[in-house]
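# Inside the fold
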Amino acid sequence: MMNKGRTAVFSILLSVFAIGSFGASATIEKANDAIKPFSAIYDMYRQGDKLGQGERALKKITDNQYSLSLKSELKWLIFSDKRKEVSVFTVSDGENITPNLYTFDRSGTGSDEEVKISFNSDQSLIVNPKAKKDAAPDEWQQGWQDEMSLHAQIQLDLINNKSTFNYTVVSNSGKLREYMFEVIGEELISTGFGRFKAIKVARVYEDKKFYAQHAWFIPELNFTLARLWRMKKGVEQYDLVIKSFTVVE
């Protein structure tokens, strides 16, 4: 039988990758300037131990439609997790991300999971499978994100010099989540890809005093997520650090 405490910690570690990384022709040009296809590899650590790697990739589908994907494989003690997440979304005015389709697939320790979330043009929201409790409503609102399109929206908001962020997210559990973040300054950070001046962003917790989550984004790499760190009750839960970055033409 699995130790429940270890299982809970491992579940937190796995969720890091799904946070978890912030005229018509003129509109398309602005979107292209802001969103640039890339591939990035990340190493995952917990209290100094390396657990595995993940790859995030942004691909261009049409002039204003993109896909952001995540593939990751982690191992810790007797636990393992392999997952793939993909969000297809559109960009408008170089500022706003609208999700179209999100898929989630994981295997490993525990039950396998598959989720599909459709943000349809008629505003209907279809989550399969639907959450058994506190399920998201059947209609979505402008500004809502899925767990991967959120990454792109944070990136766009930083590009557009915003310093506080509030998001409503349809999670891969089929429930609505509210996220708040704020920029708290600049820091020089060391990564497997080199040293960079980065923008440090903190998640705002209103009712969890002993939680902390910080993310660092690199302006010279188009505000790509470089590091993600989380602490719970004084104990480091994970430290995700960029290892390589490639611009995709």
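Because the structure is a prediction, the values reported are computed rather than measured.

Judged by how many residues are buried, helix H3 (residues 149-159) sits mostly within the fold: 10 of 11 residues are covered. Residues of H3 that are buried include every one of Ser 149, Leu 150, His 151, Ala 152, Gln 153, Ile 154, Gln 155, Leu 156, Asp 157 and Leu 158, and no others. Downstream of H3 by a residue or two, Asn 161 has a phi angle that is positive, lying close to 65 degrees.

The next thing to look at is the side chain of Asp 146. Following the sequence through the fold, Asp 146 ends up in strand S8 (residues 145-146). Despite its burial, Asp 146 pairs with no opposite charge; the closest candidate is Arg 56, at 11 Å N-O. For Asp 146, the side chain forms a polar contact with the side chain of Ser 87, separated by 2.8 Å. Dropping the residues within four chain positions of it, Asp 146 is found in contact with Ser 87, Pro 99, Leu 101, Tyr 102, Phe 119, Val 169 and Val 170.

Attention shifts here to a negative patch on the surface. A cluster of acidic side chains, namely Asp 105, Asp 112, Glu 113 and Glu 114, defines a negative patch on the protein surface. Note that Glu 113 resides in strand S6 (residues 113-119).

Let's shift gears to the packing of aromatic side chains. Under the definition given, this model contains seven aromatic pairs. Taking the centre distance of 5.9 Å and the plane angle of 75 degrees together, the rings of Phe 119 and Trp 140 count as edge-to-face. Pair noted here: Phe 119 is in strand S6 and Trp 140 is in the loop between strand S7 (125-128) and S8, with a separation of 21 residues, a long-range link. A residue is classified by how much of its surface remains accessible, and Phe 119, at 4% relative accessible area, is buried. On the basis of relative accessible area, Trp 140 is assigned to the buried category, the value being 6%. Chaining the aromatic ring pairs together yields one cluster made of Phe 165, Tyr 167, Tyr 179 and Phe 181. Above the face of the Trp 216 ring, Arg 227 is positioned so that its terminal group lies 4.6 Å from the ring centre.

This brings us to the pattern of salt bridges. For the structure shown, the criterion picks out seven salt bridges. Arg 83 serves as the salt-bridge partner of Asp 81, at 3.0 Å between the closest nitrogen and oxygen. Residue class for Arg 83 comes out buried when judged on its relative accessible area of 9%. Here Lys 200 ties to Glu 187 by a salt bridge, and the two come within 3.1 Å at their closest N and O atoms.

What follows covers the pairing of strand S4 (residues 79-92). Where strand S3 (residues 65-76) meets S4, 12 bridges bridge the pair, whose relative direction is antiparallel. Looking across to S4, one finds that Lys 75 is bridged to Ser 80. A loop of two residues connects S3 with S4, the two strands running antiparallel in sequence, and Leu 77 in this loop sits at a positive phi of about 55 degrees. The hairpin turn running from S4 into strand S5 (residues 96-108), its antiparallel successor, is three residues long, and Asp 93 in that turn takes a positive phi close to 60 degrees.

This part is about the environment of Leu 150. Mapped onto the elements of the fold, Leu 150 is located in helix H3. Sequence separation between Leu 150 and Tyr 179 is 29 residues; the distance between their C-alpha atoms is 9.8 Å.

A word on the pairing of strand S13 (residues 224-232). In summary, the side chains of a regular strand alternate between the two faces of the sheet. With seven of nine residues buried, S13 lies mostly within the body of the structure. Sheet analysis places strand S12 (residues 211-218) next to S13, joined by eight bridges and oriented antiparallel. Bridge pairing links Phe 217 to Leu 225 in S13. Linkage of S12 to S13, two consecutive antiparallel strands, is achieved through a turn of five residues, within which Asn 222 is found at a positive phi near 60 degrees.

The rules behind these values
- Starting afresh in each chain, residues are numbered from 1 along the sequence in its written order.
- Owing to the predicted nature of the model, reporting of local features is limited to residues with pLDDT of at least 70; listing and counting of side-chain atom pairs is limited to 80 or more, with chain, interface and lining totals taken over all residues.
- Values shown for side chains rest on all heavy atoms present in the structure; no hydrogens or waters enter the calculation.
- Buried means the residue's accessible area, taken with a 1.4 Å probe over protein chains only, is under 20% of the maximum for its type, while exposed means over 50%, and partly exposed covers the values in between.
- Numbering goes from the N terminus for both helices and strands, where a helix is a DSSP run of H or I of at least four residues and a strand is a run of E of at least two.
- We treat Lys and Arg as the positive residues and Asp and Glu as the negative residues; His and chain ends play no part in the count.
- Salt bridges are defined by distance alone: a side-chain nitrogen of Lys or Arg within 4 Å of a carboxyl oxygen of Asp or Glu.
- In protein, a polar contact requires one atom able to donate a hydrogen and another able to accept it; more generally it is a pair of N or O atoms within 3.5 Å, and residues adjacent in sequence count only if both atoms are side-chain atoms.
- In what follows, residue pairs with any heavy atoms lying within 4.5 Å of each other are defined as contacts.
- Patches draw on residues past 30% relative accessible area with no salt bridge. Two like charges within 9 Å are joined, as are two nonpolar side chains (Val, Leu, Ile, Met, Phe, Trp, Tyr) within 5 Å.
- For accessible areas, the Shrake-Rupley method is used with a probe of radius 1.4 Å. Any residue's cover is judged against the shown protein chains and nothing else.
- By convention, the charge on Lys lies at NZ, on Arg at CZ, on Asp at CG and on Glu at CD.
- Pairing of aromatic rings covers Phe, Tyr and Trp, the last counted by its six-membered ring, and requires centre-to-centre distances within 6.5 Å; plane angles under 30 degrees mean stacked, over 60 mean edge-to-face, and any other angle means tilted.
- Only lysine NZ and arginine CZ atoms are considered, and such an atom sits over a ring when it is within 6 Å of the ring centre and within 35 degrees of the ring normal.
- By definition, two strands form a pair when at least two bridges between them are found by DSSP.

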